[in-house]
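Close look at the chain arrangement
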There are 10 protein chains.
Amino acid sequence: MSSAASVPINTSPYADLPQANSALFEAKARKGLTFDEIARAIGKDEVWLAAAFYGQAKFSEDEMRTVCKILGVDSEWSLSQLGSHWWPNRGLGPMPPTDPVIYRLYESVLVYGHAIKAVIHEKFGDGIMSMIDCKINVERKEDPKGDRVLLTFDGKFLPYARW
Amino acid sequence: MSSAASVPINTSPYADLPQANSALFEAKARKGLTFDEIARAIGKDEVWLAAAFYGQAKFSEDEMRTVCKILGVDSEWSLSQLGSHWWPNRGLGPMPPTDPVIYRLYESVLVYGHAIKAVIHEKFGDGIMSMIDCKINVERKEDPKGDRVLLTFDGKFLPYARW
Amino acid sequence: MSSAASVPINTSPYADLPQANSALFEAKARKGLTFDEIARAIGKDEVWLAAAFYGQAKFSEDEMRTVCKILGVDSEWSLSQLGSHWWPNRGLGPMPPTDPVIYRLYESVLVYGHAIKAVIHEKFGDGIMSMIDCKINVERKEDPKGDRVLLTFDGKFLPYARW
Amino acid sequence: MSSAASVPINTSPYADLPQANSALFEAKARKGLTFDEIARAIGKDEVWLAAAFYGQAKFSEDEMRTVCKILGVDSEWSLSQLGSHWWPNRGLGPMPPTDPVIYRLYESVLVYGHAIKAVIHEKFGDGIMSMIDCKINVERKEDPKGDRVLLTFDGKFLPYARW
Amino acid sequence: MSSAASVPINTSPYADLPQANSALFEAKARKGLTFDEIARAIGKDEVWLAAAFYGQAKFSEDEMRTVCKILGVDSEWSLSQLGSHWWPNRGLGPMPPTDPVIYRLYESVLVYGHAIKAVIHEKFGDGIMSMIDCKINVERKEDPKGDRVLLTFDGKFLPYARW
Amino acid sequence: MSSAASVPINTSPYADLPQANSALFEAKARKGLTFDEIARAIGKDEVWLAAAFYGQAKFSEDEMRTVCKILGVDSEWSLSQLGSHWWPNRGLGPMPPTDPVIYRLYESVLVYGHAIKAVIHEKFGDGIMSMIDCKINVERKEDPKGDRVLLTFDGKFLPYARW
Amino acid sequence: MSSAASVPINTSPYADLPQANSALFEAKARKGLTFDEIARAIGKDEVWLAAAFYGQAKFSEDEMRTVCKILGVDSEWSLSQLGSHWWPNRGLGPMPPTDPVIYRLYESVLVYGHAIKAVIHEKFGDGIMSMIDCKINVERKEDPKGDRVLLTFDGKFLPYARW
Amino acid sequence: MSSAASVPINTSPYADLPQANSALFEAKARKGLTFDEIARAIGKDEVWLAAAFYGQAKFSEDEMRTVCKILGVDSEWSLSQLGSHWWPNRGLGPMPPTDPVIYRLYESVLVYGHAIKAVIHEKFGDGIMSMIDCKINVERKEDPKGDRVLLTFDGKFLPYARW
Amino acid sequence: MSSAASVPINTSPYADLPQANSALFEAKARKGLTFDEIARAIGKDEVWLAAAFYGQAKFSEDEMRTVCKILGVDSEWSLSQLGSHWWPNRGLGPMPPTDPVIYRLYESVLVYGHAIKAVIHEKFGDGIMSMIDCKINVERKEDPKGDRVLLTFDGKFLPYARW
Amino acid sequence: MSSAASVPINTSPYADLPQANSALFEAKARKGLTFDEIARAIGKDEVWLAAAFYGQAKFSEDEMRTVCKILGVDSEWSLSQLGSHWWPNRGLGPMPPTDPVIYRLYESVLVYGHAIKAVIHEKFGDGIMSMIDCKINVERKEDPKGDRVLLTFDGKFLPYARW
């Protein structure tokens, strides 16, 4: 069956992505590959790769070709859409999020945002954690009481300019 | 000077907190203690403690007494406000956040929310990362190109009920 | 300590309630009574009583007097505010809710609203479940894998008028 | 006539669902089956089944095949859309809801949210009722003054992590 | 000309309705019938009929057949869309309304909502006027200074449950 | 008790009204008078009077004096606030309304707004029902199956200018 | 070139208008006529005509025929869409407006709305300037320092009903 | 009585203005002067003066002194608040407006905004009508069928820069 | 590959632009030209040209022909859409912006808007910086610590009319 | 008079700032100093200083003392509020802005945001202009046709992490 996998391009979030992205998702499902397996082929992390699939990060031309080759997608066609002339239009889905997985991340901002801010200020001074120079990681941590998701943001501290 | 530190109780977020919370912030500033120093005294993490200061987590009565003792705040008065009858009214500050530190967390949801969701599903199946049974940590990671903030969420995976 | 319990009348939701309601919450905390214990005295359910404490339901004059007597609150003063001339201004707190307990109820509407609607239509026809003629109940159900909340809505079905 | 039943795929909520979901609704109408009759075939509750029809829960592959068989829908086609590679994008319809049936549920959050929260805290302590590990049930309760809808949420209590 | 009347199905509110509803509007225009003339044929009021045309009320199968016959619309086709398996998805158009006719009704809620609530409470006690068991009527009242619209809501009073 | 009646001036809607309006509400409660009884004294309808109490309509100086006399309120003080220099700032309470009584009126706009508009156009042509030159009435209609609220809007039809 | 003029029917505001309106805009561009030239042919003002082109006013059948004749558009086809059965669905474009021309009008409400209201009350008493019985005019006024736009609203004063 | 006139400084829009503005309104009411009478004394239009009273325009020091003298308000005190160091924080009241007078202006943008824009483009080219270099006027125009409000905006046309 | 470049016309912002604009973007990518190279051909700045590509500025007929010639696009076809009869519908993309590049500009308004306003008032008096008569420039400034973006707005100061 | 200058602390934006900030504004007005004059004393730009006055940037302790000395404000008192324990809560005023000066900046994002983004991508690649490491400048540029505001953002380019 997976050889016929499709994604509903009329529904969120596929409706808001270039066609080539939907093709990548369909090919991935048909090949039965994980994000991690594809990501390794281009030396990237699975979260970054998933972000690129959702149009939130930009493949280099080489990466695009390698990914297309693995997935059996026409790379010229993909590059005609997502090549060097294309730039991500970042930000996907409604806010507040309606899906519970994404909402929980939003809830972390509502409930723990001020606490995280206060600890950052105490440890670093006046500045922010960059979400541009930031690496994100999702790990599965085994736990007898129920496995846990380990979600890590590793972002550069940027002090405020004073001029 | 720090002996006279005050917090602007007419402004956000203090205006939305019980008076006792403002008193804790003022006392912390006057004593010159860090969240970490106070947190260790009650065996908690600094992020959790900061969340409790912002009214987003609940001290046990013993914890409240210890914290008050360290800070020189009247513990009976604090407990009259934040004692066993008080429950956090969680969620603080505007959404979307206007402060750049908190906004960057919000931006992570906008840009990487779908990617994180997809990787969680791939690794765990249909379910969510709990934000209730979740521990949050902020570390400073030295880096010659500029130190980095390491922000970790360690949350239990909860599979969807099927009934 | 509980004899000095107070509620933070500058914060949500107390800031949006008549003073007498805050006094009821304070007195309840000082007396160490549960909603259920107070509710039994006037032959009501604890959820209804809690709703009345939050200004979302209306005590009869007799109920108000009995509740005040139990809690040691001046009943004439309470009735001067919440007597027969006062009518609930229903609806409390922000929407979407920011507190995770209340948000989960909201999430049930987002995720299961259409399913519940469809089953109601299938079982009853074109109409609604009344939220006016509706009784709500919260029970604790023991479970070795973790106790559960049993939340029940018992509302009259109202068929649409056809005229 | 029912053999020609269709659903308006240009309108809410069908426009926001994969095509296969619309096909399930049409087939159900043409077969004249209730949610309950279909649900029993896969050992599930009717509310859960309706949620799956609305794209808010995920069929296992076996369940999908059984449901398709009962309804006379091509199961390979359905699985190509809703198979193991598809994950629900939960959250359906506008908020605040405009349909009176769903609005009444929303109104229960507005009017009784704080009361339910307070009783949960009193009976369980600081935590929430899970909407992930939650079973929902709709029953018709006969009543001479007008039948009633019995809507039950049976959700696990989750205490807040303290770390 | 009216024999060629059409409605713009790409625009509001037709874009949010099943196709069959648009067909009813077109047929009505082509036949040159009023809502009242059609409504009488099925023993209903013109406002209720107009609501059904806008997908806000549900025809019985017999009513649908009669209406289709009068209008020369294929009743099997209409029933395939709006038959017993279809339930109104009530709520149509933006809020606040942008059209002045509908905005004026909205304005009545803004300006006179509290006054109407207060008089209802004074005359009936704690409860609401049902919008489910409610009949609505629009009459033209001649007046030398300019004719007037007489808009009447006749809704059942529902007292709040106390449990 | 009613001689001590008060209204909670820190809460909605009193917090949004001039002090004199709160005084009128308190005096009305203390005197035990209905809106209708007060309205008759100045030859007005009870709904209009209630609107004036809520700051949504303007008393003439004579009306203000008469109302103050009946209620035992200092008329000079009331006129210093609500006299000829004061003009209503119309529009009271949140939208969408959270109170179920007022929400039901709002729901009538959502569900029946287009139907009412269509019937008005059919009976009058292109124009609106004025909400400025409009009289509103609330009657109690006895009914063995439960009394009903009869809410009537009697508004002038205004044709659109064509220039 | 103008003989091939087209309007982008997939974009705002054309996407929200009946097809016939787009055809009128295209024909006007191809003929190279101004709003004023077309308006004179039916004895109307150019602003009113432009409003009708944007679906915000209603042509009589005769006017429609004359306009179609001038523009070389099939009048039967236009009337099949915009004939006597069609009523404007007034209100076009986002609010707040994003286009600077329209935003400046919006800004006039934000900045001068209260001043205009106050002067109207002072000159006319309690009431409004009708936007239904209102004529709007745009003139070019030469000025050596830069020509000026003279925008005039001529609306009937409507006193509030008192009943 | 007017000698005791006051304005409700806890309510909109006075709550959003400097105290000196409220004092100007009270003094104007006590003196029984119109906006026009005060405006003439400083050679300004009544609409501009009303805007300045509402904090939407800036008096010169001389104008402030003259206005204070006429109204019997302490000019030093007014200038301490509204002197050369104070700049208007323009924009007053909610959007969409709830008051019908101001809403009608807003409605003119909704309904006629595109038509006005189109006529301006046709007469002037690509640019806007300035709301900064704009003079606004309100006149009463007698009319046997009911007097009319003549509201005029006289704004400079600004062509778009092309660089 | 670039000879096949395409833009995703189903996604933002292309979905909100006339087709001709998408064709310009595609042709630019296929030719491998920069905004600057195209802009020089018509004597304009690259930011202005990019704005025109996004439908936010208006080409003269000559400019359109030159640009089409350079890019190999049919100029008659482009002019049929974007010719003299077309006027920009300015304002593109959601607010608040979700893309981090555009959000940072928005953040500058949130954080530095009042400071910029205050300095403008101090240097120029009561008025605004025009965004109509404004030239915008983006330069790359080399810097050993990381190159910098130099973004300049050169806008005419407009003093407020006083009338 | 300036010796008595005050700022309206009940109104926006002062109501959202610590008291010490209002005191700085008042002292500046009383001393008759410009932002530039104060900024020079601490070696900062006037825009940065104005941002600090509005609570959007953080003074070092030395800077605070110098500024207080110049302005004659008690530096210990200022530091008790804005000392090392205080961190800016950035983001001030409503969005969309209502004041025309700030709105024009917002409009630049609406109209030119995509163009600026596209040019940045073309010149720098995938990344953003930092608003944290950014210096902002406002200059007056003389021009015979009317002086101009030169507003410059000098922000570091940050390339997106790829991990």
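Remember, predicted model here, so these are calculated numbers, not experimental data.

Structural notes on the overall build of chain A
Across its full length, chain A carries six helices and two strands. Written out in order from the N terminus, the α and β elements of chain A read α-α-α-α-α-α-β-β. Counting only C-alpha atoms and orienting by the principal axes, one finds that chain A spans roughly 50 × 50 × 30 Å. The buried share of chain A, reckoned over its 163 residues, is 66%. Per element, the accessible surface of chain A, about 5400 Å² overall, is 48% carbon and sulfur. In chain A, which carries 19 positive and 21 negative side-chain charges, the distance between the mean positions of the two groups comes to 3 Å.

Remarks on the relation of the copies chain B and chain A
A rotation about some axis, followed by a shift along it, carries one copy of the chain onto the other. For the pair chain B and chain A, the best superposition has an RMSD of 0.0 Å and corresponds to a rotation of 180 degrees with a translation of 0.0 Å parallel to the axis. On the angle and the small slide along the axis, the relation comes out as a two-fold axis. When C-alpha distances to the rotation axis are compared across chain B, the minimum falls at Thr152 of chain B, with a value of 2.2 Å. Most of the interface of chain B is mirrored in chain A, where 100% of its interface residues are also at the interface.

Brief notes about the interface of chain F and chain C
Reports of interface size often rely on the accessible area that becomes lost once the parts have come together. Opposite the 15 residues of chain F that make contact, chain C presents 17 residues. For the pair chain F and chain C, the summed buried surface comes to about 1300 Å²; carbon and sulfur atoms form 56% of the total. Linking chain F with chain C are zero salt bridges, by the criterion used here. Taken together, chain F and chain C are joined by six residue pairs in polar contact (both at pLDDT 80 or more). Broken down by element, the side of chain F that touches chain C gets its largest block of residues, three residues, from helix 6 (residues 100-124) of chain F.

Notes on the environment of Glu122 of chain B
Structurally, Glu122 of chain B is set in helix 6 (residues 100-124). If near-sequence neighbours (up to four positions away) are discounted, Glu122 of chain B is found in contact with Lys28, Leu33, Thr34, Phe35 and Asp36 of chain A.

Overview of the relation of the copies chain F and chain C
You can overlay chain F on chain C at an RMSD of 0.0 Å; the transform is a turn of 72 degrees with a shift of 0.0 Å along its axis. This pairing of chains is accounted for by a five-fold axis. Among all residues of chain F, the one whose C-alpha sits closest to the rotation axis is Asn10 of chain F, at a distance of 9.1 Å.

Structural notes on the confidence of the model for chain A
In this model, chain A carries an average pLDDT of 97, and 99% of its residues clear a pLDDT of 70 or more. The complex prediction reports pTM at 0.97, with the ipTM value standing at 0.97.

Quick look at helix 4 (residues 61-71) of chain G
Residue and element names in this part refer to chain G. Of all the residues in helix 4, the buried ones are Glu63, Met64, Val67, Cys68 and Leu71. Buried residues of helix 4 fall within an arc of 130 degrees about the axis and therefore sit on the same side. Those residues of helix 4 that are exposed and angled more than 90 degrees off the buried face are Asp62 and Lys69. Where helix 4 is buried, its residues meet helix 1 (19-31), helix 2 (35-41), helix 3 (46-53) and helix 5 (75-82).

What about the pattern of salt bridges?
For side chains of opposite charge, pairing can occur when their charged atoms come near one another. Under the defined criterion, the tally for this structure stands at 150 salt bridges over all chains. Across the pair Glu63 of chain I and Arg162 of chain H runs a salt bridge whose closest N-O atoms are separated by 2.3 Å. Placement of Glu63 of chain I in helix 4 (residues 61-71) and of Arg162 of chain H in the segment after strand 2 (148-159) is noted, with the two residues assigned to different chains. Residue classification places Glu63 of chain I among the buried residues on the basis of a relative accessible area of 8%. Judged by its relative accessible area of 37%, Arg162 of chain H falls in the partly exposed class. Arg65 of chain J is paired through a salt bridge with Glu76 of chain J; the nearest N and O atoms lie 2.6 Å apart. Pair noted here: Arg65 of chain J is in helix 4 (residues 61-71) and Glu76 of chain J is in helix 5 (residues 75-82), with a separation of eleven residues, a long-range link. Given the relative accessible area of 29%, Arg65 of chain J is considered partly exposed. Taken together, the shared-partner salt bridges in this structure form one network comprising Asp133 and Asp154 of chain A together with Lys141 and Arg148 of chain B.

Focus on the packing of aromatic side chains
All told, the structure shown has 101 aromatic pairs over all chains when counted by the stated rule. Plain terms: the ring middles of Phe124 of chain A and Phe157 of chain A are 4.8 Å apart, the flat faces sit at 25 degrees to each other, and that makes the pair stacked. Residue Phe124 of chain A is located in helix 6 (residues 100-124), and its partner Phe157 of chain A is located in strand 2 (residues 148-159); the two are separated by 33 residues in the primary sequence. For the pair shown, Phe124 of chain A and Phe157 of chain A are each scored as buried. A ring pair is formed by Tyr112 of chain D and Trp163 of chain E, whose centres lie 5.8 Å apart and whose planes are at 70 degrees; its orientation type is edge-to-face. With Tyr112 of chain D in helix 6 (residues 100-124) and Trp163 of chain E in the segment after strand 2 (148-159), this residue pair bridges two chains.

Some points on the interface of chain B and chain A
Every contact between the two is made by 70 residues of chain B and, on the other side, 70 residues of chain A. Across the chain B/chain A interface, buried area totals approximately 6900 Å², and carbon plus sulfur atoms make up 68% of it. Of all residues in chain B, His114, Arg148 and Val149 of chain B bury the most surface against chain A, accounting for 10% of the area lost on that side. Between the two partners, chain B and chain A, sit twelve salt bridges. One salt bridge in this structure joins Glu122 of chain B and Lys28 of chain A, with 2.7 Å as the shortest N-O distance. The interface formed by chain B and chain A holds 28 residue pairs in polar contact (both at pLDDT 80 or more) in total. Of all the secondary structure elements, the ones that give two or more residues to the side of chain B that touches chain A are helix 2 (35-41), helix 3 (46-53), helix 6, strand 1 (127-141) and strand 2 (148-159) of chain B. The dominant element in the side of chain B that touches chain A, judged by the number of residues it contributes, is helix 6 of chain B, at 24 residues. For the side of chain B that touches chain A, the residue count by class is 38 nonpolar, twelve polar and 20 charged. Here nine bridges tie strand 2 of chain A to strand 2 of chain B, and the two strands are oriented antiparallel to one another. For Phe153 of chain A, the partnering residue across the bridge sits in strand 2 of chain B and is Leu151 of chain B.

With respect to the sheet that holds strand 1 (residues 127-141) of chain G
Here four strands make up an open sheet; going across it, the order is 1(G)-2(G)-2(H)-1(H) and the pairing antiparallel. The two strands at the open ends of the sheet, each matched to only one other strand, are strand 1 of chain G together with strand 1 (127-141) of chain H. Each neighbouring strand pair of the sheet contributes to a mean axis angle of 20 degrees, computed without reference to strand direction. Across eleven bridges, strand 1 of chain H lies against strand 2 of chain H in antiparallel orientation.

Some remarks on the packing of helix 4 (residues 61-71) of chain A against helix 5 (residues 75-82) of chain A
The relative placement of two packed helices comes down to the angle between their axes together with the axis-to-axis distance. Residues and elements named next belong to chain A. Axis separation between helix 4 and helix 5 bottoms out at 9 Å; the angle between their running directions is 140 degrees. Here helix 4 lies oblique to helix 5, going by the angle between them. Like other packed secondary-structure pairs, helix 4 and helix 5 cross with a definite hand, here right-handed. Residue-level inspection shows Glu61, Met64, Arg65 and Cys68 of helix 4 in contact with helix 5, the latter providing Ser75, Glu76, Ser78, Leu79 and Leu82.

Conventions we followed
Residues numbered from 1 in each chain as written. Chains lettered and ligands numbered in written order. Predicted model: local features only at pLDDT ≥ 70, side-chain atom pairs only at ≥ 80, totals over all residues. Heavy atoms only, no water. Helix = DSSP H or I, 4+ residues; strand = E, 2+ residues; numbered from the N terminus. Buried < 20%, exposed > 50% of the residue type's maximum accessible area, 1.4 Å probe, protein only. Areas by Shrake-Rupley, 256 points an atom, 1.4 Å probe, with all protein chains shown as cover. Lys, Arg positive; Asp, Glu negative; His and termini not counted. Charge placed at Lys NZ, Arg CZ, Asp CG, Glu CD. Least-squares fit on C-alpha atoms with pLDDT ≥ 70 in both. Contact = heavy atoms within 4.5 Å. Buried area = accessible area lost by both parts, 1.4 Å probe. Salt bridge = Lys/Arg side-chain N within 4 Å of Asp/Glu carboxyl O. Polar contact = N/O pair within 3.5 Å; in protein donor to acceptor, adjacent residues only side chain to side chain. pLDDT = per-residue confidence, 0-100. Arc of directions from axis to C-beta. Phe/Tyr/Trp six-rings, centres within 6.5 Å; stacked < 30°, edge-to-face > 60°. Nonpolar A, V, L, I, M, F, W, Y, C, P; charged D, E, K, R; others polar. Pairing = 2+ DSSP bridges. Axes fitted to C-alpha atoms, helices over the stretch in contact; angles between N-to-C directions. Parallel < 35°, antiparallel > 145°, perpendicular 65-115°, else oblique. Left-handed = near helix turned anticlockwise from the far one by under 90°.

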